[in-house]
Amino acid sequence: MKRALVIGGFRSYHIKLKERGYIIDIIKEKHKIKSDDSNLYNLIIGINEKDYLNRNFIENISSFLDKNNYDLIYNYSEKGQEFTAVLCKILNFPYHSFSTVKAVNNKFVMREKMCGTEYDNIEYKLLHCKNDILSLSKTCDWILKPLNSWGSTDILKYSPRNFKISDLDNLKFPILAEEFINGQEYSVEAFVHKNNIEILSITKKFIDKITFVEIGHTVRESLDIETMHKIEGFLRVVFNRLGIESGITHTEFKLVNDKIFLIETHIRMGGDNISEAISLATGVNVDDLIIDESIDKQLPNFCPQKNIPVSIWFALPKKVGYLKKAEFKCSKTANILDEDILISSGTFLPKLHSSFERVAVVLATGTNREDSLDNARKRVKELVTTIEKK
Ligand SMILES: Nc1ncnc2c1ncn2[C@@H]1O[C@H](COP(=O)(O)OP(=O)(O)O)[C@@H](O)[C@H]1O
Ligand SMILES: [Mg+2]
């Protein structure tokens, strides 16, 4: 029997590990332990969220764990990556270095690491308080964003000519100000191993223009060969600078007249059902590849079996209040590959400020990519929600 220690969430990957014959121990936040976790895990170590960053705590845990017990230590999620980096270093298991984890989880550190490369192509500045905003140039627009959040949480566009200082009242400083890049946004899912890069998808991204919350994606966009080479070269620079040597990555960028502008990068798969959409588009189960890579530590063999257009579209909440009911008003047609209600009834939906408030998701195909996007959008319009004040 092989044994694995996993840190943090992403249950579906843990289930896959179990299916591959692993006995799994887990370190996760106490409040996230579920009653049926004991069916999946052999040993459950519940910790407090703050302990993810407590070095003494990590050292104590590492002395308590018998490293010879494990064939694999891994973290498939975003939370606890620093913890995993320190633990793996102590126990001598392969994982990303602490400095890589810091760079991908802190957008200011990421920008600093990119200095001197050709992708050091936008202005940015750390703001410590509201008044710091006055030091930003008034000749361009800016994006204000938290240093380390995800899910497009609390992203604000600052246009110097059309702005009140009270717009900043809800921000938690320090925040990062970045020159606003105008252009089509994409993400790229890629494996990297020893300087070899395997791109699974360049995904066109659609965002809500006010909150920057993702509302749609079209996976495996067909871009010309030259642009594909440019994107690969760009990834190589990002990975080298940030020290990302192996594993699955999710990188977001904008393309402006063939010029690439980095938004952010992560050492995990993208969210938003992108993995499922790539799997549907190619006939290759991407989650299996992620498990393969985490076990074998080599570039997985990605051989698409087909090339089907697949798009994803989200339903945003129509107003603030408690979600009483959300259902599609008619049954789905063959073009709809999957759909899911993301919010359980009774949940309070605040004013949209992150991707966690999206009500439903639809994955659709079509005769081409635009058509698949159209079909996903149309299906979302068939969602009927009841949202009430109380
Ligand atoms: N410098 C920028 N210029 C234009 N848009 C940006 C910039 N930075 C972020 N955004 C927009 O805000 C969204 C969320 O920012 P991001 O850095 O990806 O944060 P998160 O980690 O929450 O996803 C991006 O997908 C993009 O649409
Ligand atoms: Mg993002």
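Residues numbered from 1 in each chain as written. Chains lettered and ligands numbered in written order. Predicted model: local features only at pLDDT ≥ 70, side-chain atom pairs only at ≥ 80, totals over all residues. Heavy atoms only, no water.

**Here we look at the overall build of the chain**
(1) Moving on: A tally of regular secondary structure across the chain gives 10 helices and 19 strands.
(2) Moving on: In terms of overall size, the chain behaves like a compact globule, its C-alpha atoms giving a radius of gyration of 21 Å where 390 residues would be expected to give roughly 21 Å.
(3) Moving on: With respect to the principal axes defined by its C-alpha atoms, the chain has extents near 60 × 55 × 50 Å.
(4) Moving on: A buried classification covers 51% of the 390 residues belonging to the chain.
(5) Moving on: Of the contacts made within the chain by residues no fewer than 6 positions apart, 64% connect residues no fewer than 24 positions apart.
(6) Moving on: Of the roughly 18,600 Å² of accessible surface on the chain, a fraction of 49% belongs to carbon and sulfur atoms.
(7) Moving on: Distance between charge centroids for the chain: 4 Å, based on 55 positive and 53 negative side chains. (Helix = DSSP H or I, 4+ residues; strand = E, 2+ residues; numbered from the N terminus. Rg over C-alpha atoms; globule rule 2.2 N^0.38 Å. Buried < 20%, exposed > 50% of the residue type's maximum accessible area, 1.4 Å probe, protein only. Contact = heavy atoms within 4.5 Å. Areas by Shrake-Rupley, 256 points an atom, 1.4 Å probe, with all protein chains shown as cover. Lys, Arg positive; Asp, Glu negative; His and termini not counted. Charge placed at Lys NZ, Arg CZ, Asp CG, Glu CD.)

**Considerations on the sheet that holds strand 4 (residues 72-74)**
(1) Moving on: Spatial ordering of the open sheet is given by 3-2-1-4, a layout of 4 strands whose pairing is parallel. Both edges of this open sheet fall to strand 3 (43-47) and strand 4, since each of them pairs with a single strand only. The sheet shows a mean angle of 15° between the axes of neighbouring strands, direction not considered.
(2) Moving on: Across 3 bridges, strand 1 (residues 2-7) lies against strand 4 in parallel orientation. What sits directly across from leucine 5, in strand 4, is isoleucine 73.
(3) Moving on: Set on the sheet, helix 1 (residues 11-19) makes contact with strand 1, strand 2 (22-29) and strand 4; between it and strand 2 the angle comes to about 160°. (Pairing = 2+ DSSP bridges. Axes fitted to C-alpha atoms, helices over the stretch in contact; angles between N-to-C directions.)

**Some thoughts on the coordination of the magnesium ion (ligand 2)**
(1) Moving on: Bound to the magnesium ion (ligand 2) are the protein donor atoms Glu252 (OE) and Glu264 (OE), situated 2.0 to 2.2 Å from the metal. Here the residue glutamate 252 occupies a position in strand 12 (residues 246-256), and glutamate 264 occupies one in strand 13 (residues 259-266), the gap between them amounting to 12 residues. In this pair, the class of glutamate 252 matches that of glutamate 264, namely buried. (Donors = N, O, S within 2.8 Å, 3.2 Å for Na, K, Ca; no water.)

**Considerations on the site of ligand 1**
(1) Moving on: Near ligand 1 there are 21 residues, and of these Lys107, Lys145, Ser152, Glu185 and Glu264 occur at the shortest range.
(2) Moving on: Between a nitrogen atom of ligand 1 and a main-chain N or O atom of glutamate 179, the distance comes to 3.1 Å.
(3) Moving on: A distance of 2.9 Å is found between a nitrogen atom of ligand 1 and a backbone nitrogen or oxygen belonging to isoleucine 181.
(4) Moving on: Protein contact buries 99% of the 540 Å² of open area that ligand 1 shows by itself.
(5) Moving on: The residue inventory of the shell around ligand 1, partitioned by class, reads 8 nonpolar, 4 polar and 9 charged.
(6) Moving on: Residue assignment places the shell around ligand 1 across two domains, with domain 2 (123-179) and domain 3 (182-296) each supplying three or more. (Near = heavy atom within 4 Å. Polar contact = N/O pair within 3.5 Å; in protein donor to acceptor, adjacent residues only side chain to side chain. Nonpolar A, V, L, I, M, F, W, Y, C, P; charged D, E, K, R; others polar. Domains from an automatic or database assignment.)

**Section: the packing of helix 3 (residues 55-64) against helix 4 (residues 81-91)**
(1) Moving on: Closest axis-to-axis distance for the helix 3/helix 4 pair is 10 Å, and the angle between their directions is 45°. With respect to helix 4, the axis of helix 3 lies oblique. Between helix 3 and helix 4 the crossing geometry is right-handed. Two secondary-structure elements touch here, helix 3 through Arg55, Phe57, Ile58, Glu59, Ile61 and Ser62 and helix 4 through Phe83, Val86, Leu87, Ile90 and Leu91.
(2) Moving on: Looking at the contact of helix 3 with helix 4, its residues break down into 8 nonpolar, 1 polar and 2 charged. (Parallel < 35°, antiparallel > 145°, perpendicular 65-115°, else oblique. Left-handed = near helix turned anticlockwise from the far one by under 90°.)

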